[in-house]
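One-letter residues, chain by chain:
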Amino acid sequence: MPRSPTQPIAMDQTHARRVWLRAQRLDERAPFGEGADAVARAVQHLGYVQIDTINVIERSHHHILFARIPNYKRSDLKQAQSIDKSVFEYWTHALAYVPAADLRFFVPDMKYYRANGHDWCATVTPADKRKVMRLAKSGPLSIRDIDDDVLREKDHEWASRKPSKRALQLAFFEGHLTVSERTGMLKTYDLLLRHFDLKSLPKAATGNECFAYLLDRALRSQGIVSLDSICHLDAPSKAGVRKIIEARMKRRELMPVALEGAGKQEHWATPDSIEASETAPHGLVHLLSPFDPLIIQRKRAHLVFGHDHRFEAYVPKDKRKLGYFALPVLVDDKIVAAIDLKTDRQNKKLLMQQWSWVGEGAEKKAPRKEWKRRIEEELHRFEAFQLDP
């Protein structure tokens with residue numbers, strides 16, 4: 001008897017891990033090739049690569065790409081962003097690199113901010129914005145090129161006293177400016193239309209097109225999806241995404257999945273993703289960023305991998321369990337350790353701050369000796385990446 005399209009497929013956590021790792025391309029060594037083209041392919045496949053300022057080790061955007069591009073160089077991302085212009089920066093659930101080909105899906109947000117402003121930039125005056133736009137018309141600029149601001153008091157700890165910095169950010173959210181280059185965390189802005197050689201912004205994607213985009217991005221990079229995983233930190237999109245899911249279910253393009261341990265939380269997958277991921281990845285070790293797409297959704301990572309990762313950079317030292325910036329360690333298809341590392345750039349060393357066995361790594365019968373040997377081999381490669389200029 002054929003299966004009903006509404007009858008969920010039972011899936012245990014082992015199978016779910018393999019589906020997700022295949023979708024994340026963490027089950028093979030070099031899935032995207034190398035060079036700037038590999039960066040473009042990785043960002044396109046993952047949908048976004050999160051940017052973060054913490055640099056106790058290499059920053060998250062470089063780290064995430066290195067996990068999937070073994071010969072990754074920082075200059076590869078610079079070329080993709082500034083020369084090839086195959087990726088650009090915008091806001092997903094956080095600041096991230098996204099595919100330039102997806103620009104139209106971000107135009108609705110840009111138009112919203114043009115009409116309504118941005119809460120983070122509420123102190124920007126019309127004069128502040130006119131000033132930075134006038135300067136930008138003369139060519140790319142960074143905040144360091146603006147030296148005549150009248151400094152203001154900060155309105156929160158991470159704010160700048162330069163009003164032009166917030167004005168640049170507002171023009172970025174509105175799609176007037178884009179980040180054309182990064183040097184460390186110093187951003188150079190250019191007119192978005194000039195950077196991409198456009199006469200006007202692309203036609204904005206419709207609401208339904210945006211909902212379908214979110215679903216397709218999640219299916220491609222997650223394999224098995226839920227409303228929470230599709231709409232991470234974007235609850236208002238859930239109702240629209242659900243309608244797209246229901247329509248695809250009727251066409252049997254999606255299948256419901258009863259994921260072990262998920263309770264009443266609904267999950268879905270395509271038939272192809274389920275069938276393509278029945279074998280376990282073997283022989284690979286990854287030291288992952290806490291901002292890696294595999295880890296950033298903590299509840300999902302705990303459900304599938306049994307590891308409740310803790311990001312403790314802002315936790316008082318005496319209350320930390322894993323360390324300031326602990327990296328989850330993936331061995332084959334299991335997260336077995338969390339390692340807190342720090343790069344001593346002056347003395348060219350990677351410092352081990354703390355090693356914690358987690359998940360199956362914390363079990364008495366775990367093959368820790370063999371796992372430790374393999375993890376240490378990967379640590380040597382990771383150290384070379386950290387210290388490579």
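Treat the numbers as computed from the prediction; the structure is a model and nothing was measured.

S.K.: In this structure, what is going on with the overall build of the protein? I would like to understand it.
M.R.: When its secondary structure is counted, the protein shows 14 helices and 13 strands. Compactness check: the protein gives a C-alpha radius of gyration of 22 Å against a globular reference of 21 Å for 389 residues, within 12% of the reference. Among the 389 residues that make up the protein, the fraction classed as buried is 53%. Of all intrachain contacts in the protein linking residues separated by at least 6 positions in sequence, the fraction that spans at least 24 positions is 62%. Looking at the protein as shown, the accessible area adds up to about 19,300 Å², and 50% of this sits on carbon and sulfur atoms. A gap of 2 Å separates the mean positions of the 64 positive and 52 negative side-chain charges of the protein.

S.K.: Can you walk me through helix α11 (residues 238–250) in this structure?
M.R.: Within an α-helix, residues lying three or four positions from one another point in the same direction, as the helix has 3.6 residues per turn. Its 13 residues place the ends of α11 18 Å apart at the C-alpha level, agreeing with the 18 Å of an ideal helix rising 1.5 Å per residue. Every buried residue belonging to α11 is among Gly240, Val241, Ile244, Ile245, Arg248 and Met249, and all of these are buried. In this structure, the buried side of α11 is in contact with α9 (207–222), α10 (227–230), β8 (255–259) and β9 (267–269). Backbone geometry just after α11 places Arg252 at a positive phi near 60°.

S.K.: Just checking my understanding: could you explain the sheet that holds strand β4 (residues 95–99) for this structure?
M.R.: Strands belonging to one sheet form pairs held by backbone hydrogen bonds; the direction of such a pair is parallel or antiparallel. The three strands lie next to each other as β2-β4-β3, forming an open sheet whose pairing is antiparallel. Of all strands in the sheet, those bounded by a partner on one side alone are β2 (49–50) and β3 (87–91). Here β2 runs beside β4; their pairing, made up of two bridges, is antiparallel. Across the sheet, the residue bridging to Val49 is Tyr97, located in β4.

S.K.: Where do I start with the pairing of strand β5 (residues 177–183) in this structure?
M.R.: Both faces of the sheet carry side chains from a regular strand, because those side chains alternate between them. For β5, the buried fraction is high: five of the seven residues fall into the buried class. Inspection of the sheet shows β5 paired to strand β6 (residues 186–191) by six bridges, in the antiparallel sense. Directly across from Thr178, in β6, lies its bridge partner Asp190. The turn linking β5 back onto β6 is made up of two residues, and Gly184 within it adopts a positive phi angle of 65°.

S.K.: Can you walk me through the nonpolar core in this structure?
M.R.: Side chains of nonpolar character tend, in soluble globular proteins, to be buried together. The biggest cluster of nonpolar side chains holds 77 residues, and the ones touching the most others in it are Leu65, Phe88, Tyr90, Met110, Ile375 and Phe382. In terms of residue count, the dominant contributor to this core is helix α7 (residues 163–173) (six residues). Discounting residues that sit within four places of it in the chain, Tyr90 has contacts with Leu95, Ala96, Val98, Phe106, Asp109, Met110, Tyr113, Phe172 and Phe173. Grouped together as the second largest cluster of nonpolar side chains are 27 residues, Met11, Val257, Leu294 and Ile295 included.

S.K.: Explanation requested: the packing of helix α1 (residues 13–24) against helix α13 (residues 298–305) in the structure shown.
M.R.: What describes two packed helices is the angle between their axes and the distance between those same axes. Two elements in contact, α1 and α13, have axes whose closest approach is 8 Å; the angle formed by their N-to-C orientations is 130°. In terms of axis orientation, α1 runs oblique to α13. Here α1 contributes Gln13, Ala16, Arg17, Trp20 and Leu21 to the contact with α13, which in turn contributes Arg300, Ala301, Leu303, Val304 and Phe305. By residue class, the composition of the contact of α1 with α13 is seven nonpolar, one polar and two charged.

What counts, and where the lines are drawn
Along each chain, numbering runs from 1 in the same order as the chain's sequence is written. Given that this is a predicted model, residues contribute local features only at a pLDDT of at least 70 and side-chain atom pairs are listed and counted only at 80 or more, while totals for whole chains, interfaces and linings are drawn from all residues. Side-chain descriptors were evaluated using all non-hydrogen atoms of the structure, hydrogens and water having been removed beforehand. The helix count covers DSSP runs of H or I at least four residues long, the strand count covers runs of E at least two residues long, and both are numbered beginning at the N terminus. Only C-alpha atoms enter the radius of gyration; for comparison, a globular chain is expected to reach 2.2 Å times N to the power 0.38, where N is the number of residues. Using a 1.4 Å probe on the protein chains alone, a residue whose accessible area is under 20% of its type maximum counts as buried, one over 50% counts as exposed, and one in between counts as partly exposed. By definition, residues are in contact when any of their heavy atoms lie within 4.5 Å. Computed by Shrake-Rupley with a 1.4 Å probe, the accessible areas treat only the displayed protein chains as cover when residues are assessed. For this count, His and the chain ends are skipped, Lys and Arg are scored as positive, and Asp and Glu as negative. Where a charge lies is defined by one atom per residue type, namely NZ (Lys), CZ (Arg), CG (Asp) and CD (Glu). A helix is expected to span 1.5 Å for every residue after the first. Pairs of strands are assigned from DSSP output, requiring at least two bridges between the strands. For this analysis, a nonpolar core means a set of buried residues of the types Ala, Val, Leu, Ile, Met, Phe, Trp, Tyr and Cys, connected via side-chain atoms within 4.5 Å. Only C-alpha atoms enter the line fits that serve as axes; for helices the fit covers just the stretch in contact. Angles between N-to-C directions range over 0 to 180 degrees. For this classification, under 35 degrees means roughly parallel, over 145 means roughly antiparallel, 65 to 115 means roughly perpendicular, and everything else is oblique. Only Asp, Glu, Lys and Arg are considered charged, only Ala, Val, Leu, Ile, Met, Phe, Trp, Tyr, Cys and Pro nonpolar, and every remaining residue, Gly among them, polar.

Note that every value here comes from positions in space, so none of it alone points to a role or purpose.
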